[in-house]
Amino acid sequence: MKEPYVAIVRGWPCARCQATNRRGTQCGKPAMQGKTKCRNHGGRSTGPKTPEGIERIRAALWKHGHRSLEGRKKETETRVKVRLLADSLRVLGETEIPQIRGKWPKGYEPITDLAGIEALVKRENS
Ligand SMILES: [Zn+2]
């Protein structure tokens, strides 16, 4: 656990640098004003400025893309498909699964009769 404060600058408590040094312990210097790092550990950095630099940082922070715009769209499509499948099975009397609860995903219209299933099949085949 990193110490947030340390009283070293003329006896006044101040924010302590949150960086880890080469020994593996927390840096002992005070952080720069309004920052979380000392000047030796990136406190003077103002972040990437060029488009290439910004893109490089973005790529370095990318973990799995599940929360990206494309990932969220894909997730919504999957949720719609699961609901439509459950609706279809319920209309056909093949399952006792109750209506899926929770907020409707965007683009979902519940199927309540055979005409809805026919429309879905027509839509999927086109
Ligand atoms: Zn430091």
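Asks: I would appreciate a short explanation of the overall build of the chain in the present structure.
Replies: The secondary structure content of the chain amounts to three helices and two strands. Helices and strands in the chain line up, N terminus first, as β-β-α-α-α. Scaling as 2.2 N^0.38, a compact globule of 126 residues should have a C-alpha radius of gyration of about 14 Å, whereas the chain reaches 27 Å, well beyond that. Reported as C-alpha extents along the three principal axes, the dimensions of the chain are approximately 80 × 35 × 25 Å. For the chain, the residues scored as buried account for 6% of the 126 residues in total. Nonlocal contacts in the chain, meaning residues at least 24 apart in sequence, comprise 20% of its contacts between residues at least 6 apart.

Asks: Sorry, what's going on with the domain arrangement of the chain here?
Replies: A common measure of how large an interface is: the accessible area buried when the components associate. When its domains are assigned, the chain resolves into domain 1 (5-46) and domain 2 (69-125). In this structure, domain 1 and domain 2 have C-alpha centres spaced 54 Å apart.

Asks: Would you explain the environment of T25 in this entry?
Replies: Here T25 lies in the loop between β2 (12-15) and α1 (51-61). You can call T25 exposed: it has 9 C-beta atoms within 10 Å. Taking the C-alpha atoms as reference points, T25 and K2, 23 residues apart in sequence, are found 8.9 Å from one another.

Asks: Is there a simple way to think about the environment of L120 in this case?
Replies: In this fold, L120 is placed in helix α3 (residues 114-125). Spatially, the C-alpha atoms of L120 and L85 are 10.0 Å apart, while their sequence positions differ by 35 residues. Apart from the residues lying within four places of it in its own chain, the contact partners of L120 are L84, S88 and I111.

Asks: Is there a simple way to think about helix α2 (residues 69-92) in this case?
Replies: Each turn of an α-helix holds 3.6 residues, which means side chains three or four residues apart point in the same direction. When the terminal C-alpha atoms of α2 are compared, their 35 Å separation across 24 residues agrees well with the 34 Å that a helix rising 1.5 Å per residue should span. Downstream of α2 by a residue or two, G93 has a phi angle that is positive, lying close to 75 degrees.

Conventions used here
Residues numbered from 1 in each chain as written. Predicted model: local features only at pLDDT ≥ 70, side-chain atom pairs only at ≥ 80, totals over all residues. Helix = DSSP H or I, 4+ residues; strand = E, 2+ residues; numbered from the N terminus. Rg over C-alpha atoms; globule rule 2.2 N^0.38 Å. Buried ≥ 20, exposed ≤ 12 C-beta atoms within 10 Å, placed from the backbone. Contact = placed C-beta atoms within 7 Å. Domains from an automatic or database assignment. Expected span 1.5 Å × (residues − 1).

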